[in-house]
Amino acid sequence: MNLSYCIDPFNRKRLPTLEVRIGSLTFGGENPIRLQSMTTTDTMDTEGSVAQSVRMIEAGCELVRLTAPSKNEAENLGVIHQKLAELGHHVPLVADIHFTPNAAEIAAKLIEKVRVNPGNYADKKKFEEIDYTDESYQDELLRIEVKFTPLVLLCKEYGTAMRIGTNHGSLSDRILSRYGDTPEGMVESAMEFIRICEKHNYHELVISMKASNTLVMVQAYRLLVHRMLQNGRCYPLHLGVTEAGDGEDGRIKSAVGIGALLEDGIGDTIRVSLTEEPEFEIPVARKLAEKYQDQRVHPIENPELPLAHNPFEYTRRESQESHNIGGKHVPVVVADLSAKADISPANFFGFGYNYSVSLDKWNLQDLAADYVYIGGNDLAFEVPGTLGVICDFERWKTKYSERPGFYPLVNPEQLTQITVNQRAFLPLNAEAEIPSDLHSYKNLVLVLSTTYENKTQLFRHFFSRLNQLNSKHAVILKIASDEIDAEKFQLNVSSDAGSLFIDGYGDGIWIQSVQPLTRSNSTAFGILQATRTRISKTEYISCPSCGRTLFDLQETTAKIRERTSHLKGIKIGIMGCIVNGPGEMADADYGYVGTGPGKIHLYKEKNVVRKNVPAEEAVDALIDLIKEHGDWVELA
Ligand code: SF4
């Protein structure tokens, strides 16, 4: 199988895409990664939209998108454009179009770019599965061509750029019927529109493949690049994880999805979709993009090695079980207390263990780590039975070798000092030689690390080498970070580890950082949650809101989070509008969707189960719905 989806999976090299001009801005090619966001105001509110756009531009936004649900909003984009120019801002504007070709055709004459969603440009969503024959499918494509061609010709005439923006949650019934809800369907959805543009010799295109599931999103972009490489024409790529949510979760999820692609040189512009004010998205996007200017990389000399995974499909690397690590176990989390000389029970709070002195009892939190590394330090108290302790070999040999649950960290040079059956952890440098006698020690867990910045590539290369040696040892990914900026730390670590977990690597994660232990620990669990390799908390699929939103999304998300954050493993969609919401939250267990002023529809999976609930009762009604379906848990 031809697995090409980037220039070199073992060396970070930017995918050479076509350069596209959007007003005064050039995208793709050698241009820097452009940062963009979308307003949340009503596009008919000229003053509010201009003010918000200015805040975004001042934060560094290079492209401002506004929703254009009808002809009126599309026409008002021209007014907003003019007002911004009068204020000295010439940042290109983009009209966000769903279902309304006539709005797109107006906007194409007034502003620099239109975004169309191929899932709903020419189709109304009916959630119908139709058995198309090749002939009837072809008829559908002709129908789309007739509807889409006028916009293509207008864009060509006016020098307007276009984003063909596929969303996992809003694929057309036609695509779903033939390809299913798959990355392949997402790619084909865009390709159908790209072919029409190319037929008219129009190439000012940017393409996106967004999803809220990071695995689907990464696979779809890779598959798209694969197809574009085959076709010999790579359009610039706009990256984003839809409905990433807010706060730490939103940042980690965005960094996992966007970062996994940037690691492979894929991506020319990024939008970090947070359920926060749009100007707050820009610094996050900038920090994420900055990482890829770092030159502390270690080139890999032998890039001919085959990949040990399929980049288009998730399959977890087969590893042998060592107690609760590897095999079918979820990836473990290792907390690092090695820098703490006098370890006390209070230090365990940072990684999910609370010690009650009065009850002489440990309480475990949802984010309780599985192992703690204490280096050469001592533990002068009993630790919870569920927690494994890793310590340096000399300390283990002299003090803890008889203590159950304590395991040594042995360097390659110390291997001969343990028995071949001893359970132990072996730290390995990703760029170093793999010990030749590794196969003799069946109960070793490898701890992989590197001091270089290109961790994804070095680790990936290590897994290919390990695969060649036919080693099935479980591997913990150890990510060391000396980053003091909390947000940058989370973004960097998430993008380092995210791609590897998405590719099925890693039986555990160990973050060593200068950050508080609580942050390192929650980041580790957040990465596993964002890559869906270990679910330890409620997942909120909340849209960033836009001009279609009919309620305060941030406040509502906070209220729902407050009531439901203990429902481990449940996915709740919180969507601003009925037009895109139900599709975008496609894999949520429950949905809360704005339908009109003060009115909410509630969903159980894809089915609407309560309609037009008054907004002031809707959060309670959502809780009732969760209870009715047996997913509610009372707080202890
Ligand atoms: S789901 Fe949210 S962001 Fe998407 S169109 Fe609706 S309101 Fe706007």
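It should be noted that the structure appears before, not after, this text.
Residues numbered from 1 in each chain as written. Predicted model: local features only at pLDDT ≥ 70, side-chain atom pairs only at ≥ 80, totals over all residues. Heavy atoms only, no water.

**Student:** What am I meant to see in unusual backbone geometry here?
**Tutor:** Negative phi is the rule for most residues except glycine; trans is the rule for most peptide bonds. Of note, Asp 360 is a non-glycine position whose phi angle comes to about 50°, a positive value. Locating Asp 360 in the fold gives a position in the loop between strand S12 (353-356) and strand S13 (361-364). Overall, Asp 360 belongs to the exposed group, its relative accessible area being 58%. In the Ramachandran plot, Arg 532 falls in the positive-phi region, its phi being about 55° despite a non-glycine side chain. With respect to the helices and strands, Arg 532 occurs in the loop between helix H13 (517-530) and strand S21 (539-542). Taking relative accessible area as the criterion, Arg 532 reaches 25% and is therefore assigned partly exposed. (Helix = DSSP H or I, 4+ residues; strand = E, 2+ residues; numbered from the N terminus. Buried < 20%, exposed > 50% of the residue type's maximum accessible area, 1.4 Å probe, protein only.)

**Student:** So what exactly am I meant to see when it comes to the packing of helix H2 (residues 71-86) against helix H3 (residues 101-110) here?
**Tutor:** Packed helix pairs are characterised by how far apart their axes lie and by the angle those axes make with each other. The interhelical angle for the contact between H2 and H3, taken along N-to-C directions, is 15°, at an axis separation of 8 Å. Relative to H3, the element H2 is oriented roughly parallel. Relative to H3, H2 is oriented so that their crossing is right-handed. Together, Lys 71, Ala 74, Glu 75, Leu 77, Gly 78 and His 81 of H2 and Asn 102, Ala 103, Ile 106, Ala 107 and Leu 110 of H3 make up the contact between the two elements. (Axes fitted to C-alpha atoms, helices over the stretch in contact; angles between N-to-C directions. Parallel < 35°, antiparallel > 145°, perpendicular 65-115°, else oblique. Left-handed = near helix turned anticlockwise from the far one by under 90°. Contact = heavy atoms within 4.5 Å.)

**Student:** Explain the nonpolar core here, please?
**Tutor:** Most often, soluble globular proteins have nonpolar side chains that are buried together. Grouped together as the largest cluster of nonpolar side chains are 154 residues, with contacts concentrated most on Met 162 and Phe 348. Among the elements that make up this core, the one with the highest residue count is helix H7 (residues 214-231) (10 residues). Aside from chain neighbours lying at most four places away, what touches Met 162 is Lys 113, Val 114, Val 116, Phe 148, Leu 151, Val 152, Cys 155, Cys 197, Tyr 202, Glu 204, Leu 205 and Val 206. In this structure, Met 585, Ile 600, Val 619 and Ile 623 belong to the second largest nonpolar core, which totals 28 residues. (Core = buried A, V, L, I, M, F, W, Y, C linked by side-chain atoms within 4.5 Å.)

**Student:** Please explain H13 as it appears in this structure.
**Tutor:** Because each turn of an α-helix spans 3.6 residues, side chains separated by three or four positions in sequence point in the same direction. With 14 residues, H13 should cover 20 Å at 1.5 Å per step; its first-to-last C-alpha distance of 20 Å lies within 8% of that length. Taking burial as the measure, the 14 residues of H13 include 12 buried ones, the bulk of the element. Those residues of H13 that sit buried are Leu 517, Ser 520, Asn 521, Ser 522, Thr 523, Ala 524, Phe 525, Gly 526, Ile 527, Leu 528, Gln 529 and Ala 530. Those residues of H13 that are buried lie in contact with H7, helix H8 (247-263), strand S11 (332-336), helix H12 (486-502), strand S20 (508-513) and S21. Following H13 by one or two positions, Arg 532 adopts a phi angle in the positive range, close to 55°. (Expected span 1.5 Å × (residues − 1).)

**Student:** Just checking my understanding: could you explain helix H11 (residues 455-468) for this structure?
**Tutor:** With 14 residues, H11 should cover 20 Å at 1.5 Å per step; its first-to-last C-alpha distance of 20 Å lies within 8% of that length. The buried fraction of H11 is high, at 12 of 14 residues. Listed in full, the buried residues belonging to H11 are Lys 455, Thr 456, Gln 457, Leu 458, Phe 459, Arg 460, His 461, Phe 462, Phe 463, Ser 464, Arg 465 and Leu 466. Elements in contact with the buried residues of H11: H7, H8, strand S17 (424-429), strand S18 (444-449), strand S19 (474-481) and H12. In the stretch just after H11, Asn 470 is the one whose phi turns positive, near 60°.

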